[in-house]
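Chain and residue survey
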Amino acid sequence: MRFIDTLKNIWTIQELRQRILVTLLLVLIYRLGCYVVLPGISPSDIDALANFTNKSGLMQLLDMFSGGAFSQASIFALGIMPYITASIVIQLCGMILPSFQKMQREGESGRQKLNQYTRLLTVLILVLQAPAYLVNLQVQVNGASNGTTLSLGFWTLAYLTIILAAGSMFIMWLGERITDRGIGNGISFIILVGIIARLPGALYYEFHSRLPGDGAGQGGLVMFIVEIVLLFAVTVGAVLLVQGTRKVPVQYAKRIVGNRQYGGARQYIPLKVNAAGVMPIIFAQAIMFIPMTLAGFQGGSNGFVQAFTDINGFWYNLVFFVLIVAFTYFYTAITVRPTQMADDLKRNNGFIPGVKPGKKTAEYLDTIMSRITLPGSIFLGIVAILPAFARFFGISQNFAQFFGGTSLLIMVGVVLDTLQQVESHLMMHHYDGLMKEGKIKGRTTGQAY
């Protein structure tokens, strides 16, 4: 009954209702665009590309983030990932280059400049990725045994590249409109929709494969129920990883201005167990793509390189796990700055009880971050390689991708962030929140993925 009452309250608030309807409309437009095929591509060409995508773990990952548009040779085939790549590059520039750091401190004007640079870099990435996608499509179609051929001349590649680039930029525009007039972060919501769009098909395939008489199925419906329970448990663990914080108590000195007393309140600094979010997994995956690229040039003849092209193999996942732990420490070190936090506390007459202000406070915060980052990085690495364990126990590749990795963390983070915005609207209009006790803690890193 409480859930029904909450839905009624959501529908009662006009602004929230309009935002939800706008979000659903824009998402519907995005999903329809995922099935608009590029001009000149036949159904047999799509079948050849889909067969290649199903055989490659990397291609399946790209297809998941595009909501199936990659394997459908759609105008949205490149998805939102080029924009995400450009955003990561701009973020790294903001950590390294003084000119970008200056723009970050300029407020709204600086943010608009950074957004413009991100869009320009996205176009550049699309100009490079679109021809590569089209050449790969031509190779897969001509290499298939269905007797069809695909010949893409220079001008054909040129106008199809423009179409693919325009499709990705249109997705970016939809994401920005969702952020402005919808609910949640638009870019993150687009990624979430693309991932969830593959879930019903993966569930159906897994359920059908477990039915008696299919040959490939083992364990029957009991095994399928066990898989669903394990997926729920993994999701709960991912929620704990995203929400986990260490609260550091902070005391502010009392000040008397006129007849009023200011300060003296006891607050907390929430230090996140996983302050890096999904960035370590994205960085590690980018590194692991290098052996796959080398294997493509060498034809897989090198055994050492070939061992790192199997996303379910031991060596791939071992190196992947180690890279995630290392990148978690690296990204946390450059985003969480204890020295700046200590200076801000000292400037605002705040201090940590039992710790001297200034350098000692910075060292104390740095020690806490180092201690909580270790279990956070290990847990993040385990979540990232869980799909390989799922494949080891006979779960299909499509369904195994939902047991961990970037897709699960993005789904959990975006859902929590969206629910937090819905709850804030409810609380603003004096309604109860989504939860009976406590509040939903959203992501505080400000990342859009």
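See the structure printed just above.
Calculation criteria
Residues numbered from 1 in each chain as written. Predicted model: local features only at pLDDT ≥ 70, side-chain atom pairs only at ≥ 80, totals over all residues. Heavy atoms only, no water. Axes fitted to C-alpha atoms, helices over the stretch in contact; angles between N-to-C directions. Helix = DSSP H or I, 4+ residues; strand = E, 2+ residues; numbered from the N terminus. Parallel < 35°, antiparallel > 145°, perpendicular 65-115°, else oblique. Contact = heavy atoms within 4.5 Å. Nonpolar A, V, L, I, M, F, W, Y, C, P; charged D, E, K, R; others polar. Core = buried A, V, L, I, M, F, W, Y, C linked by side-chain atoms within 4.5 Å. Buried < 20%, exposed > 50% of the residue type's maximum accessible area, 1.4 Å probe, protein only. Expected span 1.5 Å × (residues − 1). Salt bridge = Lys/Arg side-chain N within 4 Å of Asp/Glu carboxyl O. Phe/Tyr/Trp six-rings, centres within 6.5 Å; stacked < 30°, edge-to-face > 60°. Lys NZ or Arg CZ within 6 Å of the ring centre and 35° of its normal. Arc of directions from axis to C-beta. Pairing = 2+ DSSP bridges.

Bringing the packing of helix α2 (residues 14-33) against helix α8 (residues 154-181) into the picture now. Between two packed helices, the angle of one axis relative to the other and the distance separating the axes together describe the packing. Running from N to C, α2 and α8 point in directions that differ by 170 degrees, and their axes come no closer than 9 Å. What the angle tells us is that α2 and α8 run roughly antiparallel. Taken together, the residues of α8 that come into contact with α2 (itself represented by R19, V22, T23, L26, V27, I29 and Y30) are F170, I171, L174, R177, I178, T179, D180 and R181. The residue inventory of the contact of α2 with α8, partitioned by class, reads nine nonpolar, two polar and four charged.

A separate point is the nonpolar core. If you look at the biggest cluster of nonpolar residues, it comprises 81 residues, and the most contacted ones within it are I80, Y133, F320 and L409. If you look at the next biggest cluster of nonpolar residues, it comprises 13 residues, including I352, L365, M369 and I372.

Turning our attention to helix α18 (residues 405-428). Taking 1.5 Å of rise per residue, the 24 residues of α18 would be expected to cover 34 Å, and the 35 Å separating its terminal C-alpha atoms lies within 8% of that figure. The buried count for α18 comes to 17 of 24 residues, which makes it a mostly enclosed element.

Next up on the list: the pattern of salt bridges. Across all of its chains, the model carries five salt bridges by this definition. A salt bridge links E106 to K113, with the shortest nitrogen-to-oxygen separation between them at 3.7 Å. Classification of K113 by relative accessible area gives partly exposed; the value is 41%. Here D180 and R177 are joined by a salt bridge, their closest N and O atoms 2.7 Å apart. Remark: R177 and D180 occur in helix α8; sequence separation between them is three residues, near one turn of the helix. By relative accessible area, D180 is classed as partly exposed at 45%. Residue R177 is classed as partly exposed on the basis of its relative accessible area, which comes to 22%.

Turning our attention to the environment of V234. The residue V234 is located in helix α11 (residues 220-243) in this model. Judged by its relative accessible area of 16%, V234 is buried. Sequence separation between V234 and F402 is 168 residues, and the spatial gap between their C-alpha atoms is 9.4 Å. Every residue in contact with V234, bar those within four places of it in the chain, is listed here: L386, F403 and L408.

Within a pair of aromatic rings, the relevant descriptors are the distance that separates the centres and the angle that separates the planes. Applying the stated criterion across every chain, the model contains ten aromatic pairs. Taken together, a centroid distance of 5.8 Å and an interplanar angle of 20 degrees make the contact between F170 and W173 stacked. Of the two residues, F170 and W173 are both situated in helix α8; the distance of three residues between them amounts to about one turn of the helix. With a centroid separation of 5.3 Å and an interplanar angle of 85 degrees, the aromatic rings of F392 and F393 are classed as edge-to-face. This pair shows no difference in class: F392 is exposed, exactly as F393 is. The structure contains a cluster of three or more aromatic residues connected by ring pairs, namely Y30, F76, F170 and W173. Sitting over the ring of Y268, K247 keeps its end group 6.0 Å from the ring centre.

Turning our attention to α2. For α2, spanning 20 residues, the distance from its first C-alpha to its last is 29 Å, which sits close to the expected 28 Å at 1.5 Å a residue. Taken together, the buried positions of α2 are L16, T23, L26, V27, Y30, R31 and G33. The buried side chains of α2 occupy one side of the element, clustering within an arc of 155 degrees when seen end-on. Exposed and facing more than 90 degrees away from the buried side of α2 are L24, L25 and L32.

Further remarks concern the pairing of strand β1 (residues 245-252). By the bridge criterion, seven bridges tie β1 to strand β4 (residues 266-272) in an arrangement that is antiparallel. From the neighbouring strand, Q251 faces β4, where its bridge partner is R266. Inspection of the sheet shows β1 paired to strand β5 (residues 350-351) by two bridges, in the antiparallel sense. Bridge assignment links Y252 to a residue of β5, and that residue is G350.

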